Amino acid sequence: MKTINLIVVRHGKTYFNCYNKLQGWGNSPLTEAGIADAQRVGDALADVSFKAAYSSDTTRAMDTAKYILAANKVSGNVTLTTSWHFREEFYGSFEGSNMDVAWTAAGASVGLTTYAQIVDAYGVDKTKDLLKDADPWHDAENASEYWQRVNDGFAQILADDRLQDGDTVLLISHGNTLISLADRYGQGKIQVHERPENGSIAHMTLSEAGIEITQYNNKKVN
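This is a predicted model, so every value here is computed, not measured. (Residues numbered from 1 in each chain as written. Predicted model: local features only at pLDDT ≥ 70, side-chain atom pairs only at ≥ 80, totals over all residues. Heavy atoms only, no water.)

A.B. asks: I keep staring at the sheet that holds strand β4 (residues 168-173) and nothing clicks. Help me out?
C.D. replies: The strands making up a sheet associate through backbone hydrogen bonding, with each pair oriented either parallel or antiparallel. Pairing is mixed in the open sheet, where six strands are placed in the order β3-β2-β4-β1-β5-β6. Sheet topology places β3 (80-82) and β6 (210-220) at the edges, where each strand pairs with a single neighbour. Across the sheet, the axes of successive neighbouring strands diverge by a mean angle of 20 degrees, strand direction being ignored. Taken together, the three bridges between strand β2 (residues 52-55) and β3 define a ladder with parallel strand orientation. Paired with A53 across the strands is L80, a residue of β3. Each of β1 (4-10), β4, β5 (200-207) and β6 is contacted by helix α8 (residues 175-185), which is oriented at about 130 degrees to β6, the strand it contacts most. (Pairing = 2+ DSSP bridges. Helix = DSSP H or I, 4+ residues; strand = E, 2+ residues; numbered from the N terminus. Axes fitted to C-alpha atoms, helices over the stretch in contact; angles between N-to-C directions. Contact = heavy atoms within 4.5 Å.)

Written out as structure tokens, the structure reads:
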């Protein structure tokens with residue numbers, strides 16, 4: 001059974017991150033601080049040999065990957081593979097909304113007002129379901145829709161014929177995706193109501209048996 005080492009990085013800071021706006025399938029550019037986030041990660045991972053690199057097809061993820069790969073000293077010419085399967089959770093009609101307003105709407109039916117409160121009480125997957133219920137268009141992804149999409153992305157990595165057992169892959173991800181992975185695969189040991197900072201790094205292994213989180217850090221690289 002092939003096992004792949006994943007180094008999973010949250011993209012650098014964007015303008016919507018600065019403005020406290022939900023940014024799922026929507027997109028905004030990296031700020032200067034966000035570029036610096038990506039460059040710091042690149043320096044930290046410069047001596048890691050990547051056999052492949054993946055990101056979502058959002059520019060914030062792709063640009064972060066390009067800065068990291070440009071700083072790498074040992075991987076050679078690694079082509080970035082982009083996939084819509086690795087996009088952030090889709091927030092439906094709440095895309096671009098102030099996060100406080102969106103999560104207050106999501107928690108209204110259960111008497112809660114913040115993302116942290118909802119996640120602590122109901123978990124990450126139920127929080128997705130509540131946001132879809134609160135979306136007047138019901139376009140936001142629920143947990144089932146979200147995991148079907150993301151799991152297809154991980155299957156794509158496992159099926160990559162460039163990769164052999166034990167190879168290392170760079171994956172540029174998103175805040176809620178990292179929280180979702182920590183909640184599902186962290187064995188209850190990882191606090192999930194606080195988003196990982198832009199430019200934070202997590203280490204995981206991927207196989208047909210699933211995902212194992214070997215190191216989770218929600219603070220950015222200094």
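On we go from here.
A.B. asks: Would you mind showing me how to read the layout of surface pockets here?
C.D. replies: A water-sized probe, rolled over the atoms, reveals where empty space remains. Put simply, the largest pocket is a space of about 350 Å³. Taken together, 21 residues make up the lining of the largest pocket; nearest its centre are N20, L22, M99, W103 and R195. Elements represented by at least two residues in the lining of the largest pocket include exactly α4 (99-107) and α5 (115-122). Looking at the lining of the largest pocket, the element that brings in the most residues is α4, giving three residues. Of the residues that constitute the lining of the largest pocket, the class distribution is six nonpolar, nine polar and six charged. (1 Å grid on protein atoms, 1.4 Å probe; cavity = no way out; pocket = protein on both sides within 12 Å on 5 of 7 lines; lining within 4 Å. Points joined across faces, edges and corners; volume = space filled by probe spheres on them. Nonpolar A, V, L, I, M, F, W, Y, C, P; charged D, E, K, R; others polar.)

A.B. asks: Would you take a moment to explain the side chain of R87 for this structure?
C.D. replies: By the secondary structure assignment, R87 is in the loop between β3 and α4. Among the polar contacts listed, one links the side chain of R87 to the side chain of D57, at a separation of 2.8 Å. (Polar contact = N/O pair within 3.5 Å; in protein donor to acceptor, adjacent residues only side chain to side chain.)

A.B. asks: Even after reading the chapter, I still don't get unusual backbone geometry, so can you show me in this structure?
C.D. replies: Positive phi outside glycine occurs at N20, with the angle close to 60 degrees. Note that N20 resides in the loop between α1 (15-18) and α2 (32-44). Phi angles above zero are rare outside glycine, and H138 is one such case at about 55 degrees. With respect to the helices and strands, H138 occurs in the loop between α6 (124-134) and α7 (143-158).

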